[in-house]
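Reading the structure
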Amino acid sequence: MIALEWATLVVCCTVLLLRVPDAVRGRNRTVFGILLLATLCSLLAVSGPYEAIDRALGGWNVTNLVLRYLVFATVLLIGLRVTKGLGAERGYRFIAGRPGRWALGISCLAIGIIFFLMDTRGSSAGLEGLSGDGRNAVLGPLYAAAGRSYPAFVSVILVPPLLDAIRSRLPPLVRAGALATLLGAVAVVLSVPACFAPPRFALGQHLANYSAVLGYVVGLALFWFAGLIAQPRGHTRATFR
């Protein structure tokens, strides 16, 4: 699992650094912001940095709650950028409009309430092995599922336009980016029921979580590369540069 944590962080950092020159030139800074948030989320998911930061904040795992909200912000921006880039107006309206605002608001409220009902003493990445009574055994999976509810909402909305892009005649790199992003979206959706799996399936849960991050980050990178090498052709409707 430690290898997964660091591998995900390395991939995020690499893609982020590759985006720096374009961001300095003012090209599509939204994608750079998404990658910056994704890199920060990946850093906070690594046990060492997480525990160091959380102990500095009092050792109540507030860092985990902050991480969840950062993930929400990252997924929101990804959803808006991908639907806009692929010309999926209906999907964009769902995420940016009232349904998306309700989903985000309810998810933020639910995860905050569950967090403060738990016994969160003792810094632990992933809230594993916390002290406290039996309430954590009940509330822990609910907290994890609530933290994945909004990302799953956005991911479900992204599936149709991503499938359309994969089946289209768009440039190969755009279709590859859509495929990577689709795999990330599917991993996010699967991570919700995985929250309630027995402890012996912990490795599968972590694989789903990190596959989601890698799928989205690699997908954005491929979309960006496609934009860099694309010639100005009228039939290309995907715009991620």
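Refer to the structure presented above.
Please read all numbers here as calculations on a predicted model, not as lab measurements.

**Comments concerning the packing of helix α7 (residues 135-167) against helix α8 (residues 172-194)**
Between α7 and α8, whose axes approach to 8 Å, the crossing angle comes to 150°. What the angle tells us is that α7 and α8 run roughly antiparallel. When you trace α7 past α8, the crossing you get is left-handed. Of α8, the residues touching α7 (which contributes R148, P151, A152, S155, V156, V159, L162, L163, A165 and I166) are R175, A178, L179, T181, L182, A185, V188, V189, S191 and V192. Its residues placed into classes, the contact of α7 with α8 shows 15 nonpolar, three polar and two charged.

**Focus on the environment of C195**
With respect to the helices and strands, the residue C195 is situated in the loop between α8 and α9 (202-229). Residues C195 and R90, spaced 105 residues apart in sequence, show a C-alpha to C-alpha distance of 30 Å. Contacts of C195, omitting those with residues within four sequence positions, involve P141, A144, A145, R148 and Q205.

**Description of the packing of aromatic side chains**
Enumeration according to the criterion identifies six aromatic pairs in this entry. Both rings, one in F115 and one in Y143, keep their centres 5.9 Å apart while their planes meet at 45°; by these two values the pair is tilted. Of this pair, F115 sits in helix α6 (residues 98-117) while Y143 is found in helix α7, placing the two residues 28 residues apart along the sequence. The burial state of F115 is the same as that of Y143; both residues are buried. Ring geometry for W224 versus F225: centroids 4.7 Å apart, planes at 35°, classification tilted. Overall, the relative accessible area of 31% leaves F225 in the partly exposed class.

**Some words on the packing of helix α4 (residues 62-85) against helix α5 (residues 89-96)**
Direction vectors running N to C along α4 and α5 enclose 160°, while the axes themselves pass 8 Å from each other. Comparing the axis directions of α4 and α5 gives the class roughly antiparallel. Crossing handedness for the pair α4 and α5: left-handed. Residue-level inspection shows L76, G79, L80, T83 and K84 of α4 in contact with α5, the latter providing G91, Y92, I95 and A96. Taken together, the residues of the contact of α4 with α5 sort by class into five nonpolar, three polar and one charged.

**Quick notes on the pattern of salt bridges**
Under the defined criterion, the tally for this structure stands at five salt bridges. The salt bridge partner of D119 is R121, with a shortest N-O separation of 2.6 Å. Residue class for D119 comes out buried when judged on its relative accessible area of 5%. The exposure class assigned to R121 is partly exposed, which follows from its relative accessible area of 43%. Its salt-bridge partner being D164, residue R167 comes within 3.3 Å of it at the nearest N-O pair. Taken together, the positions of R167 and D164, both in helix α7 and three residues apart, correspond to about one turn of that helix. Given a relative accessible area of 41%, D164 falls into the partly exposed group. Each of R19, D22 and R25 takes part in one network of salt bridges that share partners.

Procedures and definitions
- Residues numbered from 1 in each chain as written.
- Predicted model: local features only at pLDDT ≥ 70, side-chain atom pairs only at ≥ 80, totals over all residues.
- Heavy atoms only, no water.
- Axes fitted to C-alpha atoms, helices over the stretch in contact; angles between N-to-C directions.
- Helix = DSSP H or I, 4+ residues; strand = E, 2+ residues; numbered from the N terminus.
- Parallel < 35°, antiparallel > 145°, perpendicular 65-115°, else oblique.
- Left-handed = near helix turned anticlockwise from the far one by under 90°.
- Contact = heavy atoms within 4.5 Å.
- Nonpolar A, V, L, I, M, F, W, Y, C, P; charged D, E, K, R; others polar.
- Phe/Tyr/Trp six-rings, centres within 6.5 Å; stacked < 30°, edge-to-face > 60°.
- Buried < 20%, exposed > 50% of the residue type's maximum accessible area, 1.4 Å probe, protein only.
- Salt bridge = Lys/Arg side-chain N within 4 Å of Asp/Glu carboxyl O.

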